[in-house]
Amino acid sequence: MDQTGALSRAVEMIGRADRVAALTGAGISVESGVPDFRGAGGLWEKYDPFEYAHIDSFQADPAKVWHMLREMDRIVTRADPNPAHLALAEMERRGKLTAVITQNVDSLHQRAGSQNVIEFHGSHARLTCPECGRGYGREEVDLDADPPRCGCGQALKPDVVFFGEAIPPSALELAVQTALGCDLMLVIGTSAVVAPASMVPALAVRGGAKVVEINLEPTELTGRVADLTLLGRAGEVIPYLVEAVLGP
Ligand code: NAD
Ligand code: ZN
């Protein structure tokens, strides 16, 4: 299907839906200057994510992994929400979107104004001591320390889900409920290869929902789980869809 036809079909599908949910991945934040794992973006050329983002690497050498975490934190705190984040927040304000399930840890949905954000992979904005369990807000911690430490002396860990760690149970439960309860899911900027987040769209289908995917390129979902795939930049496609469905 050509893109114009696909866009108008998406507008029709979203217009008809009563409970729209979104699942977002790193791709929605690329236009904010936060690189995803695959695109050319400096950070992940220096640090192999599958090495640096594995819990075993963190436990073996927290100071080493903190070099990557510190750099990611700088990128994320300097970034601003882009038109895709803002359009999803607008969709929620206008009663069309029930929740955003995000794999991102960058807080950009919340900063755009989204209220109901399910952080499937946690957040960089909080840290916890793996030893004594004390929690810290990011602003309470000296991130330049090598590594940042808890009052008890242990290296702090950001509340992001590393490879090899479980999804926070409450986020998992909310994501499952949201997926089963929606009648249309927008899947934006995710390659859908990191499980179990990659299974969320299939759950939505099992609950009877349609899936509309927005990505720069075809993914694992394209032609299978997704009823419709829109190829384009999230920062252009999402605002277009929201305005076409809800008006200016
Ligand atoms: P991913 O699996 O979510 O893949 C990124 C996808 O976004 C790719 O399919 C790519 O084609 C698409 N994309 C890139 N730019 C786009 C754009 N402008 N518009 C639409 N689609 C676009 O993410 P990943 O990089 O493979 O990372 C896997 C895990 O790491 C996920 O949990 C991810 O969220 C996390 N991560 C998070 C951040 C963040 O918090 N911003 C950044 C990097 C990685
Ligand atoms: Zn401690």
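Placed above this text is the structure.
Rules behind the numbers
Residues numbered from 1 in each chain as written. Chains lettered and ligands numbered in written order. Predicted model: local features only at pLDDT ≥ 70, side-chain atom pairs only at ≥ 80, totals over all residues. Heavy atoms only, no water. Helix = DSSP H or I, 4+ residues; strand = E, 2+ residues; numbered from the N terminus. Rg over C-alpha atoms; globule rule 2.2 N^0.38 Å. Buried < 20%, exposed > 50% of the residue type's maximum accessible area, 1.4 Å probe, protein only. Contact = heavy atoms within 4.5 Å. Areas by Shrake-Rupley, 256 points an atom, 1.4 Å probe, with all protein chains shown as cover. Lys, Arg positive; Asp, Glu negative; His and termini not counted. Charge placed at Lys NZ, Arg CZ, Asp CG, Glu CD. Patch = residues over 30% accessible without salt bridge, like charges linked within 9 Å, V, L, I, M, F, W, Y side chains within 5 Å. Salt bridge = Lys/Arg side-chain N within 4 Å of Asp/Glu carboxyl O. Near = heavy atom within 4 Å. Polar contact = N/O pair within 3.5 Å; in protein donor to acceptor, adjacent residues only side chain to side chain. Nonpolar A, V, L, I, M, F, W, Y, C, P; charged D, E, K, R; others polar. Axes fitted to C-alpha atoms, helices over the stretch in contact; angles between N-to-C directions. Parallel < 35°, antiparallel > 145°, perpendicular 65-115°, else oblique. Left-handed = near helix turned anticlockwise from the far one by under 90°. Phe/Tyr/Trp six-rings, centres within 6.5 Å; stacked < 30°, edge-to-face > 60°. Lys NZ or Arg CZ within 6 Å of the ring centre and 35° of its normal. Pairing = 2+ DSSP bridges.

Brief notes about the overall build of the protein chain
Right, so step 1: Scanning the protein chain from terminus to terminus reveals 10 helices and nine strands.
Right, so step 2: The C-alpha radius of gyration computed for the protein chain amounts to 18 Å, which stays within 12% of the reference 18 Å derived for 248 residues, consistent with globular compactness.
Right, so step 3: Seen along its three principal axes, the alpha-carbon backbone of the protein chain occupies a region of about 55 × 35 × 35 Å.
Right, so step 4: Counting across all 248 residues of the protein chain, residues that qualify as buried make up 49%.
Right, so step 5: Across the protein chain, contacts joining residues at least 24 apart in sequence account for 68% of those joining residues at least 6 apart.
Right, so step 6: Accessible surface, the protein chain as shown: approximately 11400 Å² in total, 51% of it carbon and sulfur.
Right, so step 7: Across the protein chain, the 22 positively charged side chains and the 33 negatively charged ones have centroids separated by 2 Å.

Some remarks on a nonpolar patch on the surface
Right, so step 1: There is a patch of nonpolar side chains on the surface, built from Leu172, Val176 and Leu180 and spanning about 200 Å² of accessible area.
Right, so step 2: Along the chain, the position of valine 176 falls in helix α8 (residues 169-181).
Right, so step 3: For valine 176, a relative accessible area of 30% corresponds to the partly exposed category.

Regarding the site of ligand 1
Right, so step 1: Around ligand 1 sit 27 residues, and of these Glu31, Phe37, His121, Ser191 and Asn215 come closest.
Right, so step 2: Contacts to ligand 1 include glycine 189, whose backbone N or O atom sits 3.1 Å from an oxygen atom.
Right, so step 3: The contact in question runs from an oxygen atom of ligand 1 to an N or O atom on the side chain of asparagine 215, over 2.6 Å.
Right, so step 4: When the free accessible area of ligand 1 is taken as 830 Å², the share hidden by the protein chains comes to 95%.
Right, so step 5: Each residue belonging to the shell around ligand 1 can be placed in one class, and the counts come to 10 nonpolar, 11 polar and six charged.

Regarding the packing of helix α6 (residues 83-93) against helix α10 (residues 234-246)
Right, so step 1: Between α6 and α10, the shortest axis-to-axis distance is 7 Å and the interhelical angle comes to 25°. On the basis of the axis angle, α6 is roughly parallel to α10. The hand of the α6/α10 crossing is left-handed. Each of Pro83, Ala84, Ala87, Leu88, Glu90 and Met91 in α6 lies in contact with α10, whose residues at this interface are Ala234, Gly235, Ile238, Pro239, Val242 and Leu246.
Right, so step 2: When the residues that make up the contact of α6 with α10 are grouped by side-chain class, the tally is 10 nonpolar, one polar and one charged.

Focus on the packing of aromatic side chains
Right, so step 1: Applying the stated rule across the entire model yields five aromatic pairs.
Right, so step 2: Between the aromatic rings of tyrosine 47 and tyrosine 52, the centroid separation amounts to 4.8 Å while the plane-to-plane angle is 70°, which identifies the pairing as edge-to-face. Of the two residues examined, tyrosine 47 and tyrosine 52, each falls in the buried class.
Right, so step 3: The residue whose ring lies beneath lysine 64 is tyrosine 52, and the NZ or CZ to ring-centre distance is 5.2 Å.

Topic: the sheet that holds strand β5 (residues 135-137)
Right, so step 1: Taken in spatial order, the three strands of this open sheet run β5-β4-β6, and their pairing is antiparallel. The open sheet terminates on both sides in strands that have one partner only, identified here as β5 and β6 (157-160). The sheet shows a mean angle of 45° between the axes of neighbouring strands, taken without regard to direction.
Right, so step 2: Sheet analysis places strand β4 (residues 122-128) next to β5, joined by three bridges and oriented antiparallel. Across the sheet, the residue bridging to leucine 127 is tyrosine 136, located in β5.
Right, so step 3: Packed on one face of the sheet, helix α5 (residues 62-78) meets β4 and β6 and runs near 125° to β4.

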